[in-house]
Amino acid sequence: MLDGDATEILGIGFAGTKGFCGGFGPRAPGSWGEPMIKQFVQEAVNEALKLETALFRLRMPSRVALLHYAPVASTIAGEPPEIYPFLGSSRLEEPLERYSVSAAFHGHAHRGQAEGRTTNGVPVFNVSWPLLQKVHPERPFHVLELRTAVPAETPVP
């Protein structure tokens, strides 16, 4: 797994981090109160910064973000609402939009939705295995075509 790292494969940039929980939008906790709450919030901020740093390193037109936790609430819809804060964090959404990510993939939400979008329309795919087996039993995977600067005849390493 990419842990704050970035790499290029055939002209497509990949950046990743596990992300962290913390919830979405105005319900996400702020860094206030007891030290343990501040530490919890800081972990979510640190993971978002790792993603942002990795995306910053990529200079190609197509960029893909790989995460464990969800960056948007739309792909966890269907999970019990009580556990939403533990399935992802909207702090991960901002770097996706700032660096014009082509798509983001995450897991962790086994009963969520297969597809969603950020506020500005970046496609987000929940690729947790149990969900993909349920939604697409005949093809439990996503195929995504992206623009690349590498010629099509270039062999795959």
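Placed above this text is the structure.
Everything numeric in this text was worked out from a predicted model, so none of it was measured. (Residues numbered from 1 in each chain as written. Predicted model: local features only at pLDDT ≥ 70, side-chain atom pairs only at ≥ 80, totals over all residues. Heavy atoms only, no water.)

Enquirer: How would you explain the overall build of the chain if you had to name every residue and give the values?
Expert: Within the chain one finds three helices and six strands. The order of α-helices and β-strands along the chain, N terminus first, is β-β-α-β-α-β-β-β-α. Once the C-alpha set of the chain is aligned to its principal axes, its extents read approximately 55 × 35 × 25 Å. For the chain, the proportion of contacts with a sequence separation of at least 24, taken over those separated by at least 6, is 61%. A total accessible area of about 8700 Å² is found for the chain, and carbon and sulfur atoms account for 58% of it. Mean positive and mean negative side-chain charge positions of the chain (14 and 16 charges, respectively) differ by 3 Å. (Helix = DSSP H or I, 4+ residues; strand = E, 2+ residues; numbered from the N terminus. Contact = heavy atoms within 4.5 Å. Areas by Shrake-Rupley, 256 points an atom, 1.4 Å probe, with all protein chains shown as cover. Lys, Arg positive; Asp, Glu negative; His and termini not counted. Charge placed at Lys NZ, Arg CZ, Asp CG, Glu CD.)

Enquirer: Talk me through the environment of Thr-53; I want residue IDs and the actual numbers.
Expert: Following the sequence through the fold, Thr-53 ends up in helix H1 (residues 35-57). For Thr-53 and Gly-16, which are 37 residues apart along the polypeptide, the C-alpha to C-alpha distance reads 9.8 Å.

Enquirer: Could you give me a rundown of the sheet that holds strand S5 (residues 115-117), with the residues and numbers involved?
Expert: Spatially, six strands are ordered S1-S2-S3-S4-S6-S5 in an open sheet, and the strand pairing comes out mixed. Each having just a single partner strand, strand S1 (5-9) and S5 make up the two edges of the open sheet. Ignoring strand direction, the axes of neighbouring strands in this sheet form an average angle of 25°. Pairing of strand S3 (residues 63-67) with strand S4 (residues 103-106) involves three bridges; the strand directions are parallel. Across the sheet, residue Val-64 finds its bridge partner in S4, namely Ala-103. (Pairing = 2+ DSSP bridges. Axes fitted to C-alpha atoms, helices over the stretch in contact; angles between N-to-C directions.)

Enquirer: If you had to explain the pattern of salt bridges to someone new, which residues and values would you point to?
Expert: All told, the structure shown has six salt bridges when counted by the stated rule. For Asp-3, the salt bridge goes to Lys-50, with nearest N and O atoms at 2.6 Å. Of this pair, Asp-3 sits in the segment before S1 while Lys-50 sits in helix H1; the two residues are 47 residues apart in sequence, bridging distant segments of the chain. For Asp-3, a relative accessible area of 44% translates into the label partly exposed. In this structure, Lys-18 and Glu-47 form a salt bridge, with 3.6 Å as the shortest nitrogen-oxygen distance. Pair noted here: Lys-18 is in the loop between strand S2 (12-17) and H1 and Glu-47 is in helix H1, with a separation of 29 residues, a long-range link. (Salt bridge = Lys/Arg side-chain N within 4 Å of Asp/Glu carboxyl O. Buried < 20%, exposed > 50% of the residue type's maximum accessible area, 1.4 Å probe, protein only.)

Enquirer: Can you explain the packing of aromatic side chains? Please cite residues and give values.
Expert: The final tally for this structure, using the stated rule, is four aromatic pairs. Between Phe-20 and Tyr-69, the aromatic rings sit 6.1 Å apart at their centres with planes inclined by 50°, giving tilted as the arrangement. A residue pair is termed long-range when its members are at least 10 positions apart, and Phe-20 in the loop between S2 and H1 and Tyr-69 in the loop between S3 and helix H2 (93-98) qualify at 49 residues. This pair shows no difference in class: Phe-20 is buried, exactly as Tyr-69 is. Here the aromatic residues Phe-20, Phe-40 and Tyr-69 are joined through ring pairs into a cluster of three or more. Between the NZ or CZ atom of Arg-59 and the centre of the ring of Phe-56, over which it lies, the distance is 4.7 Å. (Phe/Tyr/Trp six-rings, centres within 6.5 Å; stacked < 30°, edge-to-face > 60°. Lys NZ or Arg CZ within 6 Å of the ring centre and 35° of its normal.)

Enquirer: Explain the pairing of S4 residue by residue, including any values.
Expert: Here S4 shows no split at all, with Ala-103 and Phe-105 on one side and Ala-104 and His-106 on the other all buried. Direction of pairing for S4 relative to strand S6 (residues 123-126): parallel, over a ladder of three bridges. Counted as the bridge partner of His-106 is Asn-126 from S6.

Enquirer: Describe H1, with residues and values.
Expert: Between its first and last C-alpha, H1 extends 33 Å over 23 residues, near the 33 Å set by a 1.5 Å rise per residue. Every buried residue of H1 is listed here: Val-41, Ala-44, Glu-47, Ala-48, Leu-51, Ala-54 and Leu-55. On its buried face, H1 sits against S1, S2, S3 and H2. (Expected span 1.5 Å × (residues − 1).)

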